[in-house]
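# Analysis of the macromolecular model
Residue strings, one per chain:
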Amino acid sequence: WLNYYQNGFLHTDIGVSNILKLKVPATRTPFSARLVQSLLPRSVAEPGDELRPLKKTKFVHSVEETSMRQTITPEETRKATEHHDAFWVNLLYNTESQDARAVVNEARQVEEKLKDFGLGQDCKAILNDCDMAAKIDGYFLGQHEDSLSGTYEFMSSRMRRFLEEQATYTHSPIDDFHSFFWTTSWAALNNAHTKSASDIERLYQRKIQSEDRDSLIDYIKQFGNPRQERTRRAKGISKFFDTILPMLRDWLMDLDKLQEEWDDVWDEADESTPTEEKELVFHRFAYRVVSTYLTLLDKHKKRLQEPFE
């Protein structure tokens, strides 16, 4: 998803049928968050320089030299130089805008967190069905803004409400990750390992495909609590669904928080807000929602890797 985004497209149609597992992994260039450079304003990044030091810029050799720029905080400098990575130091040094630096910092966090997952060159799954993807360049010039797309079953709850009200709405990176949440929930409830599902699982297998889908949120928030494990087992919840419920609960809480942060920022935008500023908000939250998910996955990784049969 983030690879699509870094290449200029917001998917907007995440769903079960659009995530395909490859029968045989394909070798691809390892993912890099350093493509963030191609998303920054032209004053910072030039086309074609995504993975190379910036042209016509001063290379920063030390923390002290970076700190001479009053627009960069000591904390930003410390984090960028923690691992002596000149790319991030140089990019921060050449980024004047506070909003653009926030994007760079979010991208850097994604790269750091990905190191813990040991990702290599094997691509095991792909996103397809990109006919509804929104091109970020021009997104706020009337080409996609305020239009709704996606599969209703996996849309964010907010998008579904705006669709029913026939109101205008700007599809955000947060909406795509709400769709990932609903896709994961659907797949967990309809997984082959839940074939001996309990009554409650069969109930939500039906509800997740109906107008009453969001009732699952209350169930996940209540019974996804680790203290409810005995209760879940007593009700005959399948081992597979029981394993993933705590992660779904934490994911919901993360998405609720991200949605609040998004609303606080986006509500300040209006027709007079420059397109460049809107794009930087989109970029920042695109990286933040991925970073938040990686933290979530790391927290639950051990539990998810346990045998469930």
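These lines cover the structure that appears in this document, whether it is placed above or below. Given the structure is predicted, the values throughout are model-derived calculations rather than measurements.

About the thresholds
- Residues numbered from 1 in each chain as written.
- Predicted model: local features only at pLDDT ≥ 70, side-chain atom pairs only at ≥ 80, totals over all residues.
- Heavy atoms only, no water.
- Helix = DSSP H or I, 4+ residues; strand = E, 2+ residues; numbered from the N terminus.
- Buried < 20%, exposed > 50% of the residue type's maximum accessible area, 1.4 Å probe, protein only.
- Contact = heavy atoms within 4.5 Å.
- Areas by Shrake-Rupley, 256 points an atom, 1.4 Å probe, with all protein chains shown as cover.
- Phe/Tyr/Trp six-rings, centres within 6.5 Å; stacked < 30°, edge-to-face > 60°.
- Lys NZ or Arg CZ within 6 Å of the ring centre and 35° of its normal.
- Axes fitted to C-alpha atoms, helices over the stretch in contact; angles between N-to-C directions.
- Parallel < 35°, antiparallel > 145°, perpendicular 65-115°, else oblique.
- Nonpolar A, V, L, I, M, F, W, Y, C, P; charged D, E, K, R; others polar.
- Salt bridge = Lys/Arg side-chain N within 4 Å of Asp/Glu carboxyl O.
- Expected span 1.5 Å × (residues − 1).
- Bend = angle between axes of the 7 residues up to and from the residue.

### Quick word on the overall build of the protein chain
Counting its secondary structure elements, the protein chain contains 13 helices and 4 strands. When burial is assessed residue by residue, the protein chain has 47% of its 309 residues classed as buried. Considering only residue pairs separated by 6 or more positions, the protein chain has 73% of its internal contacts joining residues 24 or more positions apart. When the accessible surface of the protein chain is summed, it comes to about 16500 Å², and 49% of that surface belongs to carbon and sulfur atoms.

### Some details on the side chain of T183
Summarising the element assignment, T183 is placed in helix α8 (residues 173-189). Those residues in contact with T183 that lie beyond four places of it in its chain are I14, G15, V16, I19 and F154.

### Some thoughts on the packing of aromatic side chains
Per the stated rule, a full pass over the model turns up 20 aromatic pairs. An aromatic cluster is present here, built from W1, Y5, F177, F180, F181, W182, W251 and Y293 joined pairwise through their rings. One residue, R288, lies across the ring of F285, its end atom 5.3 Å from the ring centre. The aromatic ring of F117 is capped on one face by K301, whose charged end is 5.0 Å from the ring centroid.

### Some remarks on the packing of helix α10 (residues 215-223) against helix α12 (residues 239-266)
Between α10 and α12, the shortest axis-to-axis distance is 8 Å and the interhelical angle comes to 110°. With respect to α12, the element α10 is oriented roughly perpendicular. Contacts between α10 and α12 pair I217, Y219, I220, K221 and F223 from the former with F241, L245, L248, R249, L252 and D256 from the latter. Of the residues contributing to the contact of α10 with α12, the split by class is 8 nonpolar, no polar and 3 charged.

### Focus on the pattern of salt bridges
When the charged atoms of two side chains lie near each other, side chains of opposite charge can form a pair. Under the definition given, this model contains 13 salt bridges. Note that D263 and R158 form a salt bridge whose closest N and O atoms lie 2.8 Å from each other. Within this pair, whereas D263 is found in helix α12, its partner R158 is found in helix α7 (residues 157-165), the two being separated by 105 residues in sequence. Residue D263 is classed as buried on the basis of its relative accessible area, which comes to 17%.

### Things to note about the environment of N191
Secondary-structure assignment places N191 in the loop between α8 and α9 (199-207). Remark: the alpha-carbon pair of N191 and F240, spanning 49 residues in sequence, is separated by 8.3 Å.

### Digging into helix α13 (residues 275-304)
Spanning 30 residues, α13 covers 41 Å between terminal C-alpha atoms, matching the ideal 44 Å at 1.5 Å per step. The largest bend in α13 amounts to roughly 35° and is located at D298.

### Description of unusual backbone geometry
Glycine aside, a negative phi is what most residues show, and trans is what most peptide bonds show. A positive phi is found at T12, a non-glycine position, where the angle reads about 70°. Within the secondary structure layout, T12 lies in the loop between β1 (9-10) and β2 (19-27). A positive phi is found at D129, a non-glycine position, where the angle reads about 55°. Among the secondary structure elements, D129 is positioned in the loop between β3 (122-127) and β4 (134-135).

### Quick word on the environment of C123
On the secondary structure map, C123 appears in strand β3. C-alpha separation for the pair C123 and K21, spaced 102 residues apart in sequence, amounts to 9.2 Å.

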